[in-house]
Amino acid sequence: MNLDIQFLTMLTMVSGGVVMAALFDTYKRLLRPNTYWNRVIVDTLFFLTQGCLIFYLLFLANGGIIRFYLALAVLLGISAYYALFQSIYLPMLNGLIRLTINLYQLLSRIVQALILKPVIWIIQLAVTVLVGIISLVWKLILIIYKVIAFFIRPFIPKFVQNYLLNLLSICSRIIGKLKKDVLNLLNNRRRKDDKADS
C-alpha cells in the first residue's frame, strides 16, 4: 500500500512538472514582457507562483513532505515535456491563439456591422435632419423678418435696424458654419467607412 502511495505521489509530481513546463511555454507566448527588467520581475513572480502550485500539489499528494526523489520527479516531468510533449503542445497553443484572434475579429466585424454602423447611421441621419430643420426654420424666420421689416421699416429707428441686421447676419454665419461643419464631418465619416470596407 505504501509503495502505491509513493508511486501515485511520484506520478503526481511528474505530471506537475509537465504542467509547469507547459504553463511556462504558454506564459512565454502570451504574457512575457519585452523589456529586460520587466521580464526579470514578471519571470520571478511567475516562478514563485509555479513553486507555490507545485508545493500545493505536493501537499495534496503526501501532506507536504519534501523528499529528494520528488524534486527529481518534477525535473523528470519538465524534461519529459521538453522531450516528448512540447512539439505537440506548441502547435496546439498557436492554433488556439490563431482561432481566438480569428473569432475576436469575426465578432468585432459582426458587432460593427449589426450594432455600431446602424447606430452611427441613425445618429448621422438624425443630425442631418436636425441641421436641415434648423436651416429651414432659419430661412422661414428670415422671410418673415423681411416681410415685417418691409411694412414697419419706416417706423423703426435706424440704429435698431442696423442692430437687427447685424444680429441676423451673425446668426446666418453661425448656422451656415454649423451646417458646413456637420456636412464635412458626415462626408469624412463616409469616406472612412468606405476605406474600411475596401
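These figures come from a predicted structure and were not determined experimentally.

Asker: For the pattern of salt bridges, give the residues involved together with the corresponding values.
Answerer: Close approach of charged atoms allows side chains of opposite charge to pair. Under the defined criterion, the tally for this structure stands at 2 salt bridges. Here K28 and D25 are joined by a salt bridge, their closest N and O atoms 3.6 Å apart. Note that K28 and D25 are positioned in helix α1 (residues 2-30) at a spacing of 3 residues, about one turn of the helix. The partner of D43 in a salt bridge is R32, and the shortest N-O contact between them spans 2.6 Å. Separated by 11 residues along the polypeptide, D43 in helix α2 (residues 36-62) and R32 in the loop between α1 and α2 bring together distant segments of the chain. Assessed through its relative accessible area of 10%, D43 is described here as buried. Its relative accessible area of 29% is what places R32 among the partly exposed residues.

Asker: Describe the confidence of the model for the protein chain, and please don't skip the residues or the numbers.
Answerer: With 88% of its residues at a pLDDT of 70 or more, the protein chain shows a mean pLDDT of 81. Ranking the helices and strands of the protein chain by mean pLDDT puts α2 first, with 86, and helix α4 (residues 158-197) last, with 72.

Asker: Tell me about the packing of aromatic side chains, and please be specific about residues and values.
Answerer: Enumeration according to the criterion identifies 8 aromatic pairs in this entry. Each ring, one from F24 and one from F46, has its centre 5.8 Å from the other, and the planes form 40°; the classification is tilted. In this pair, F24 is assigned in helix α1 and F46 in helix α2, connecting sequence segments 22 residues apart. There is no split in this pair, since F24 and F46 are both buried. Summarising the aromatic geometry, the rings of Y81 and Y82 are spaced 5.2 Å apart at their centres and angled 75° between planes, so their arrangement reads as edge-to-face. Look at Y81 and you get buried, because its relative accessible area is 1%. In this structure an aromatic cluster arises from ring pairing among F24, Y27, F46 and F47.

Basis of the calculations
Residues numbered from 1 in each chain as written. Predicted model: local features only at pLDDT ≥ 70, side-chain atom pairs only at ≥ 80, totals over all residues. Heavy atoms only, no water. Salt bridge = Lys/Arg side-chain N within 4 Å of Asp/Glu carboxyl O. Helix = DSSP H or I, 4+ residues; strand = E, 2+ residues; numbered from the N terminus. Buried < 20%, exposed > 50% of the residue type's maximum accessible area, 1.4 Å probe, protein only. pLDDT = per-residue confidence, 0-100. Phe/Tyr/Trp six-rings, centres within 6.5 Å; stacked < 30°, edge-to-face > 60°.

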